[in-house]
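Each chain, letter by letter, is given below.
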Amino acid sequence: MTTETHEFQTEVKQLLHLMVHSLYSNKDIFLRELISNASDAIDRRRFSALTDTALAPEGEFRILLEPVHDPRQLAVSDNGIGMTHDELIENLGTIARSGTKDFLAKLKEASASSAPGLIGQFGVGFYASFMVADRVEVLTRHASEPSGHRWVSTGDGSYTIEPAERSEVGTTVTLWLKDADPEDALQDYTQEWVLRDIVKRYSDFVAHPIQMIVPKAPASEDSEEEPADKGAENKGPETLNSMKAIWTRPESEVTDDEYKEFYKHISHDWNDPAERICARMEGTVEAQALLFLPSKAPFDLHHREMARRGVHLYTKRVFIMDDCKELLPDHFRFVKGVVDAEDVTLNVSRELLQQNRQIRAIRNFLVKKVTESLQRLLSERREAYLKLWAEFGPCLKEGLLGFDDKKERLLGIILAASTHHDTELTTLDEYIERMKEGQDKIYYALGSSRVSAASSPHLEAFREKGYEVLLFSDQVDEVWLQTTSTYQGKTFQAVGKGEVDLDQDDEKDDKEERQKQEDSLKDLLNCIRVHLQDDIREVRLSKRLTKSPACLVGEAGDMSPQMEDMLRQMGQEVPKTKRILELNPKHEIVEKLQGVFDRDPAAAELSQFARVLYGQALLAEGGQLPEPAEFSRLLSEILVKAL
Ligand code: ADP
């Protein structure tokens, strides 16, 4: 018999270290995690047995808890699908969730008070056992194999695996419990009443019986605590949970705590949900849905493959699959819950789901319900919506990508920063209500942050003339704004793109003056264009600027430099878009430049001045100078002359 020793993946080592020196005050949840895993494994075996009856167990599916007083141990067994040798390594030796490294780095920096929240967001599952045990043994046999394996670890850097006999398919996790705090009987997990209480609290609704095998000789202190135990010597297994599918019970009969624990069970999130949606679909397709909006985004929400444990699909109380992606669009991937459909074929495969008419109908229903719930939160509990928006706003905005005509509903619930407020966020409807008379466009500015968008020179004329501008700074914003032309009949217009004409009702005299400026500055503009022709497509006079001398703008369909950079970072080849340099004809610099040009159109400094103006315009919008050293040298030369 060979025993292999394996090193844990570095991330797991770090996580185990955190668990052993537990940051988390509520240690009881280790049991909830083990029971959830056991229940998932049973669901998987039951589902596989639908198509291969050889995989079904002989008896009933069940989860067994077996406390032992001396030595102090707790075993949690299931007759679920089990794990193969390779699955043991994969599942209990590594963490395959992308972004784990970054998450752990963040956790390291976090203060002691915020760390438990972060851990909760991550949900450490099986590893939570190391909060209460200093040795964990997993004896498991996969349904497809004749014998099993034993995995053992003491929570330090490594674990061992060896072949082991197990008469039945399934998994037993045995914990060698750390010494209980004598002051705190509640944390003695060998006590029947403690276990009974934890199961009731966290796992009552689990669909499979959770049974306890009561030790033959109960500890003496136990009999005082729990006289109802009737003192029998050889008690058979006792079922601790009611097993009632929570979504089939009337809402009025289920407590908030029960819903919260159910949410944690299915989502593996350790935080309470922000909102719950109970909905019944009636008509040709019938289904019951119990969905939750989480209060915290999982750390890997923005990693592509993140979509685990979204909505679980059941049919007539029988589990079909977890993470049924077809039930909700990607931008609602943070929604968790259960859908129980009356007649979806039991062995429906993932491939067939997309074409399934009932699933499509249920999806439309769920999208409507989730959107309505978000709308309600926004209009009735703005504070709660703001919190949710901070977590899931960028994710929701992904729903606006593409050219879908159903965007209007989603546009109604997006929030944006605006020049109207310093810190608050506004809805598009509120923006429209505040629009100036005759204004038919929704103006917006893009930037890497609210502050940088707000300080862009593009906004100068808008500010001066009292037009409100929305400020967008999420990566996804530019993309959805490019494919979204209107909301409530008003066109979206970037303040940094195209020609701006806020002067429609200006006096005729102003227009004439402008024409004069254009005529007299024409040759200077052309001269600057020639000097900057590698970077600039055109030089023109600006109607946007009132304070700055120059700014850079694009044509309506152009990509912004930030977007170009983002695509390049993603490995795409993007040709450089030449932009337009706009000059402020009323600015002293432009007036003086004209003077230099009038004296000598071929003056060498004109090239220097043009490059500095261009660099300044780049800096003002928060951009990067292509050659900072060259810019600095030019500036020094100009300063020397000026001084
Ligand atoms: P999570 O449950 O969040 O995926 P865990 O660390 O709790 O993370 O478990 C990791 C994986 O190990 C599970 O996804 C599952 O594949 C496997 N696993 C854990 N416990 C069991 C069990 N009792 N039976 C079968 N597989 C299990």
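All figures in this text were calculated on a predicted structure; none of them were measured in a lab.

1. Concerning the sheet that holds strand β16 (residues 425-427)
Strand order in the open sheet formed by 6 strands is β16-β15-β18-β17-β20-β19, with mixed pairing between adjacent strands. Looking at which strands have only one partner, the edges of the open sheet turn out to be β16 and β19 (486-487). The pairing of strand β17 (residues 441-446) with strand β20 (residues 490-494) spans 4 bridges and is parallel. Residue pairing in the sheet places I442 in a bridge with F492 of β20.

2. A word on the site of the ligand
Neighbouring the ligand are 13 residues; N37, A41, D78, N91 and F126 lie closest to it. The separation between a nitrogen atom of the ligand and a polar side-chain atom of D78 is 2.9 Å. Side-chain polar atom of H268 to an oxygen atom of the ligand: 3.4 Å apart, as the coordinates give it. Relative to its free-state accessible area of 530 Å², the ligand is covered by the protein chains to the extent of 86%. Among the elements that make up the shell around the ligand, the one with the highest residue count is helix α2 (residues 29-51) (3 residues). Class assignment of the residues belonging to the shell around the ligand gives a composition of 4 nonpolar, 5 polar and 4 charged.

3. Topic: the packing of aromatic side chains
Here the structure, examined in full by the defined rule, presents 21 aromatic pairs. Their ring planes at 70° and their centres at 6.5 Å tell us that Y444 and F492 sit as a pair that is edge-to-face. Here Y444, found in strand β17, pairs with F492, found in strand β20; they are 48 residues apart in sequence, far enough to count as distant. F492 shares its class with Y444; the two are buried. Through pairs of rings, three or more aromatic residues link up here, namely F205, W247, F262, Y263, F292 and Y314. In this structure, R32 is placed above the aromatic ring of Y202, and the distance from its NZ or CZ to the ring centre is 5.8 Å. In this structure, R135 packs its charged tip against the face of W176, placed 4.6 Å from the ring centre.

4. What about the packing of helix α10 (residues 357-380) against helix α11 (residues 382-397)?
Two elements in contact, α10 and α11, have axes whose closest approach is 8 Å; the angle formed by their N-to-C orientations is 135°. The angle between the axes of α10 and α11 places the two elements in the oblique class. Where α10 crosses over α11, the two elements pack in a sense that is left-handed. Contacts from L374, L377, L378 and E380 of α10 reach α11 at R382, A384, Y385, L388 and L396.

5. Quick look at unusual backbone geometry
Excluding glycine, most residues fall at negative phi; most peptide bonds, likewise, are trans. Note that the residue after D70, namely P71, is joined by a cis bond; omega there is 0°. Within the secondary structure, P71 is located in the loop between β2 (63-68) and β3 (73-78). Positive phi, normally seen in glycine, also occurs at H268, with a value near 60°. Within the fold, H268 resides in the loop between α8 (256-267) and β10 (273-281). Here the phi dihedral of D323 falls at roughly 45°; this positive angle occurs in a residue that is not glycine. Its place among the elements puts D323 in the loop between β13 (318-321) and β14 (336-341). Residue classification places D323 among the buried positions, given a relative accessible area of 12%.

6. Considerations on α10
Structural remark: α-helix, 3.6 residues per turn; residues separated by three or four positions point the same way. For α10, which comprises 24 residues, the first-to-last C-alpha distance of 35 Å matches the rise-based estimate of 34 Å (1.5 Å per residue) to within 8%. By the burial criterion, the buried members of α10 are Q358, I359, I362, F365, L366, V367, V370, T371, S373, L374, L377 and L378.

7. What about the sheet that holds strand β22 (residues 550-553)?
Strands in a sheet are paired, the pairing made by backbone hydrogen bonds, and the direction either parallel or antiparallel. Spatially, the 3 strands line up as an open sheet ordered β21-β23-β22, and their pairing is mixed. Because the sheet does not close on itself, it has two edges, and the strands there are β21 (536-541) and β22. Averaged over all adjacent pairs, the angle separating strand axes in this sheet is 25°, with direction ignored. As paired strands, β21 and strand β23 (residues 579-583) are joined by 5 bridges and run parallel to one another. When the bridges of β23 are listed, I536 appears paired with R579.

8. Looking at the side chain of T84
Residue position: T84 is located in the loop between β3 and α3 (85-93). Discounting residues that sit within four places of it in the chain, T84 has contacts with H142, E145 and H149.

9. Focus on the confidence of the model for the protein
Here the protein averages 87 in pLDDT, and 92% of its residues register 70 or above. Confidence drops under pLDDT 50 across residues 221-232; counting only partners more than four residues distant or on other chains, this segment forms 11 contacts.

10. With respect to the pattern of salt bridges
One pass over the full model with this rule turns up 45 salt bridges. A salt bridge links K369 to E372, with the nearest nitrogen and oxygen atoms 3.5 Å apart. Of the two residues, K369 and E372 both sit in helix α10, 3 residues apart, roughly one turn of that helix. K369 sits in the partly exposed class, given a relative accessible area of 23%. On the basis of relative accessible area, E372 is assigned to the partly exposed category, the value being 26%. A salt bridge links E582 to R540, with the shortest nitrogen-to-oxygen separation between them at 2.9 Å.

Cut-offs and rules
Residues numbered from 1 in each chain as written. Predicted model: local features only at pLDDT ≥ 70, side-chain atom pairs only at ≥ 80, totals over all residues. Heavy atoms only, no water. Pairing = 2+ DSSP bridges. Helix = DSSP H or I, 4+ residues; strand = E, 2+ residues; numbered from the N terminus. Near = heavy atom within 4 Å. Polar contact = N/O pair within 3.5 Å; in protein donor to acceptor, adjacent residues only side chain to side chain. Areas by Shrake-Rupley, 256 points an atom, 1.4 Å probe, with all protein chains shown as cover. Nonpolar A, V, L, I, M, F, W, Y, C, P; charged D, E, K, R; others polar. Phe/Tyr/Trp six-rings, centres within 6.5 Å; stacked < 30°, edge-to-face > 60°. Buried < 20%, exposed > 50% of the residue type's maximum accessible area, 1.4 Å probe, protein only. Lys NZ or Arg CZ within 6 Å of the ring centre and 35° of its normal. Axes fitted to C-alpha atoms, helices over the stretch in contact; angles between N-to-C directions. Parallel < 35°, antiparallel > 145°, perpendicular 65-115°, else oblique. Left-handed = near helix turned anticlockwise from the far one by under 90°. Contact = heavy atoms within 4.5 Å. Expected span 1.5 Å × (residues − 1). pLDDT = per-residue confidence, 0-100. Salt bridge = Lys/Arg side-chain N within 4 Å of Asp/Glu carboxyl O.

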